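Each chain is listed here by its residues.
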Amino acid sequence: MRLTALTLLIALPAVALAQDAPDGSATPAAPDAPPVARRALALRLADVGRLALERSPRFRARLLDPEIARTREMESLGEFDPLFGARVTGGVERTEVFFSPTAFGAAAGDPFLTEDRVGGAASLAAVQEWGGVFTLGYDASSRDRRGAASISTLSPRFDGALSMGYTHPLLRGAGRDVRLSHYREAMRATLQSEEALSREAELTVLEAETTYWDLVNARADLDVIRASIRLAEELLAVARARVEAGRGIPVDVSEAAAGLARRQGERIEIETRVRNLSDRLRELVLPFESEDADLDTVIEPVDAPLVELPEPPPSPDRAALEEAAVRRGDVRAAVAGVEAAEQAVLRARNEEEIELNAVVGGALRGHGSGFSATSRHQADRETYLWEAGLEVSVPLGNVAAEARLLRAQHELRRAERELAAARNTLMREVREAVRNVLAAMERIEAARRERDATTEQLEAERSRLEKGRSTPFQVLEVEEDHSRAVAGEIGARVELEKARVALSAARGRLLEERAIVPPVETE
């Protein structure tokens, strides 16, 4: 059950004094009307969190974090994309021959060899998940000789080679775990970003609802101070009437006027706080930069704090704290960060190894006066090449790899400490939130007793004023205590609502309890 009219708690002093005011006394109109007409937007608590996630520019900017992380995940898969390469060359080579061309049938006086060359090559390489690399290639060249080249047995000459090879790493880059470490690290980074966004969504809803309740409290304080101003105005009229009737002294008027001025100053401060809190809530649920946003619109909260106190939350034990750790997005993000750092350490440790590869390959070769003749020669499989062996590459010193491994190990230790810090913060926040709820419930009971006591004091002081045994200033002093007690009870109820929201957020249940599904980036 929710209280729909907060003025029930604050109307008592104004109503009582209106009934007992002297006949003929005029009550001045309170200058409460704002100088500028403002459009009010009634807002329910049930809509605050959803609107904040849908419209807050700050949260909408964070929506892109997982999308950016997914692009790195896609990028990490690029190392497994087949790589196609091609080369085309052409040129002329002219070389002087130091023998008698006529001895081989060349024309006399032609001591130069001229060769026209055209070549081309195409290759396809594919990296496998276990680290091996398959290659397939074709290399072709054509030569046409003139001059002293008449000694050539075949001109023009076309050569072709169809090759296939496989390279298997034995140390550096060997194994699926190493080869997939980039992709797995990117996956963990994406998960980390998604979990961090989930926690950011909870914190955004927490901020919106906390601001909402602060606005409720500020507007309640404004109602209280307005009632107090009305009382001060009535008492000022009473003081003036008593002086005119000869039953009072001028200082009573001065004291009543001072009390009224002080309350009017407090009203200005509270009105400013109401407008500031309305703008803070607008920043989340109705951004100023929207094209259809009216800058003069103010938010009026519809909900009020609970009248009946809820069941007190149980003290969190170890199991409850572990359950909260499983649900909290920031803790899950820290876990993903540790897993990503472990992948980086795995890869850096492997990169410290020497490069030792087993290689095997072969080629079918052919030659002739053209491509067709060369292809038939290759099909005969009479000219071929195959080879197998090992290749090794050893960096002397290996300082860079050692530095990368050391950096990765430090980053892993940092991620582990960040996880421990996140869990530690969670446990503190849950325990603190439970204590805040319990303390708020106790403060409500204390504020209620204070309000009842100050109400009796105010009625007694008013009765003494009617009998001439008190002054308006003394009534104002008691009324100020009463107004403070009324505002304190409302504030305690608001603090209970804020503490309950904070407890839900600390346990990682706020979105679930509000049945809110965080939006996703669709553009």
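What you are looking at is a predicted structure, and each value in this text was computed from that prediction instead of being measured. The residue numbers shown here count from 1 along each chain, following its written sequence. Reporting of local features is limited, given that this is a predicted model, to residues whose pLDDT is at least 70; pairs of side-chain atoms are given and counted only at 80 or more, and all residues count toward the totals for whole chains, interfaces and linings. With hydrogens and water excluded, all non-hydrogen atoms of the structure serve as input to the side-chain values.

Participant: Can you help me understand the overall build of the protein chain in this one?
Facilitator: Labels follow the DSSP assignment, with helices taken as runs of H or I lasting at least four residues and strands as runs of E lasting at least two, numbered in each case from the N terminus. When you go through the protein chain residue by residue, the secondary structure sums to 13 helices and eight strands. Looking at the protein chain as a whole, 38% of its 523 residues are labelled buried. For this analysis, residues touch if any pair of their heavy atoms sits within 4.5 Å. Residue pairs at least 24 apart in sequence account for 81% of intrachain contacts in the protein chain once pairs closer than 6 positions are excluded. Buried residues are those whose accessible area, probed at 1.4 Å on protein chains only, stays under 20% of the maximum for their type, while exposed residues exceed 50% and partly exposed ones sit between those limits.

Participant: Honestly, a nonpolar patch on the surface in this entry has me stumped. Any pointers?
Facilitator: Within this analysis, patches are made of residues with over 30% relative accessible area and no salt bridge. Like charges are joined at 9 Å or less; nonpolar side chains (Val, Leu, Ile, Met, Phe, Trp, Tyr) at 5 Å or less. Residue-level accessible areas treat just the shown protein chains as cover; the underlying method is Shrake-Rupley with a 1.4 Å probe. One speaks of a salt bridge when a side-chain nitrogen belonging to Lys or Arg is within 4 Å of a carboxyl oxygen belonging to Asp or Glu. Taken together, the side chains of Leu 170, Leu 171, Ile 354, Leu 390, Val 392, Val 394 and Leu 396 present a nonpolar region at the surface, about 680 Å² in accessible area. The residue Leu 390 is located in strand E8 (residues 384-393) in this model. Its relative accessible area of 62% is what places Leu 390 among the exposed residues.

Participant: Just checking my understanding: could you explain the side chain of Glu 209 for this structure?
Facilitator: In this structure, Glu 209 sits in helix H6 (residues 181-244). Any N or O atom pair separated by 3.5 Å or less is treated as a polar contact, with the protein-specific requirement of one donor-capable and one acceptor-capable atom, and with residues adjacent in sequence counted only for side-chain atom pairs. A distance of 2.7 Å separates a polar atom in the side chain of Glu 209 from a polar atom in the side chain of Arg 514. If sequence neighbours within four positions are ignored, Glu 209 has contacts with Leu 45, Val 48, Val 501 and Arg 514.

Participant: Honestly, the pairing of strand E2 (residues 83-96) in this entry has me stumped. Any pointers?
Facilitator: Looking along a regular strand, one sees the side chains alternate between the two faces of the sheet. A small share of E2 lies buried, amounting to zero of its 14 residues. As paired elements, E2 and strand E3 (residues 112-127) share 14 bridges and run antiparallel to each other. Each residue of the ladder has a partner; that of Val 88, found in E3, is Gly 120. We call two strands paired when DSSP finds no fewer than two bridges between them.

Participant: Please explain the pattern of salt bridges as it appears in this structure.
Facilitator: Where charged atoms from two side chains of opposite charge approach closely, those side chains can pair. Taken as a whole and assessed by the stated rule, the structure comprises 45 salt bridges. Measuring nitrogen to oxygen at the nearest pair gives 3.4 Å for the salt bridge that ties Arg 62 to Glu 200. Taken together, the residues span a long stretch of sequence, with Arg 62 in helix H3 (residues 57-62) and Glu 200 in helix H6 at a distance of 138 residues. Residue classification places Arg 62 among the partly exposed positions, given a relative accessible area of 27%. On the basis of relative accessibility, which here comes to 18%, the residue Glu 200 falls in the buried class. In this structure, Glu 322 engages Arg 423 in a salt bridge whose closest nitrogen and oxygen atoms are separated by 2.6 Å.

Participant: Help me out: how do you make sense of unusual backbone geometry in this one?
Facilitator: Comment: phi is negative for the bulk of residues other than glycine, and the bulk of peptide bonds are trans. The residue Asn 398 is not glycine, and still its phi comes out positive at about 55°. Mapped onto the secondary structure, Asn 398 falls in the loop between E8 and helix H11 (399-466). Asn 398 sits in the buried class, given a relative accessible area of 16%. Here Ala 515, not a glycine, exhibits a phi torsion of approximately 55°, which is positive. Mapped onto the secondary structure, Ala 515 falls in the segment after helix H13 (510-513).

Participant: So what exactly am I meant to see when it comes to the confidence of the model for the protein chain here?
Facilitator: Reading fine detail from the predicted coordinates is not recommended where pLDDT is low. Predicted confidence across the protein chain gives a mean pLDDT of 84, with 87% of residues reaching 70 or more. Per-element averaging of pLDDT across the protein chain places helix H1 (residues 12-20) at the bottom with 32 and helix H9 (residues 329-351) at the top with 95. Segment residues 1-36: pLDDT under 50, and 54 contacts once partners within four positions in sequence are set aside and those in other chains are kept. Think of pLDDT as the predictor's per-residue confidence, scored from 0 to 100.

Participant: Is there a simple way to think about the packing of aromatic side chains in this case?
Facilitator: Each aromatic ring pair is summarised here by two numbers: the centre-to-centre distance and the angle between the ring planes. Here a Phe, Tyr or Trp ring, Trp counted by its six-membered ring, pairs with any other such ring whose centre lies within 6.5 Å, and the pair is stacked when the planes are under 30 degrees apart, edge-to-face when over 60, and tilted otherwise. Taken as a whole, this structure holds two aromatic pairs when the rule is applied. With centroids separated by 4.6 Å and ring planes inclined at 35°, the aromatic side chains of Phe 134 and Tyr 166 adopt a geometry described as tilted. Taken together, the residues span a long stretch of sequence, with Phe 134 in strand E4 (residues 133-147) and Tyr 166 in strand E5 (residues 157-169) at a distance of 32 residues. Taking relative accessible area as the criterion, Tyr 166 reaches 19% and is therefore assigned buried. Each ring, one from Tyr 212 and one from Trp 213, has its centre 5.7 Å from the other, and the planes form 90°; the classification is edge-to-face. Owing to a relative accessible area of 0%, Trp 213 belongs among the buried residues under this scheme.

Participant: Which parts of the structure should I look at to understand the packing of helix H2 (residues 45-55) against H6?
Facilitator: Helix packing for two helices is described by the angle between their axes and how far apart those axes are. Their axes nearest at 9 Å, the elements H2 and H6 cross at an angle of 135°. Here H2 is positioned oblique relative to H6, judged by the angle of their axes. Crossing of H2 over H6 shows right-handed handedness. On H6, the residues that touch Leu 45, Val 48, Gly 49, Ala 52 and Leu 53 of H2 are Ala 201, Thr 204, Val 205, Ala 208, Glu 209, Tyr 212 and Trp 213. To get an axis, a line is fitted to the C-alpha atoms, and for a helix only the part in contact is used. The angle between two axes follows their N-to-C directions and goes from 0 to 180 degrees. Each angle gets one of four labels, with under 35 degrees taken as roughly parallel, over 145 as roughly antiparallel, 65 to 115 as roughly perpendicular, and the rest as oblique. By definition, any crossing whose near helix is turned counterclockwise from its far helix by less than a right angle is left-handed, and any crossing with a clockwise turn is right-handed.

Participant: Please clarify how the nonpolar core should be interpreted in this entry.
Facilitator: Generally speaking, nonpolar side chains in soluble globular proteins are found buried as a group. Among buried residues, those of type Ala, Val, Leu, Ile, Met, Phe, Trp, Tyr and Cys that are joined through side-chain atoms within 4.5 Å constitute a nonpolar core. If you look at the biggest cluster of nonpolar residues, it comprises 52 residues, and the most contacted ones within it are Leu 43, Val 48, Leu 53, Tyr 212, Trp 213, Leu 281 and Val 285. Listing elements by their share of this core, those giving two or more residues are H2, H6, helix H7 (250-285), H11, helix H12 (472-506) and H13. At 20 residues, the largest contribution of residues to this core is made by H6. The contact partners of Leu 43, leaving out residues within four places of it in the chain, are Val 48, Leu 51, Tyr 212, Leu 281, Val 285, Ile 299, Glu 300, Pro 301, Val 302 and Asp 303. Core analysis: the next-biggest nonpolar cluster, separate from the first, contains 30 residues, Ala 325, Ala 348, Ala 415 and Leu 419 among them.

Participant: What is the right way to read the environment of Ser 393 from this model?
Facilitator: Following the sequence through the fold, Ser 393 ends up in strand E8. Overall, the relative accessible area of 36% leaves Ser 393 in the partly exposed class. C-alpha separation for the pair Ser 393 and Glu 355, spaced 38 residues apart in sequence, amounts to 5.0 Å. In contact with Ser 393, other than residues within four places in its own chain, are Ile 354 and Glu 355.

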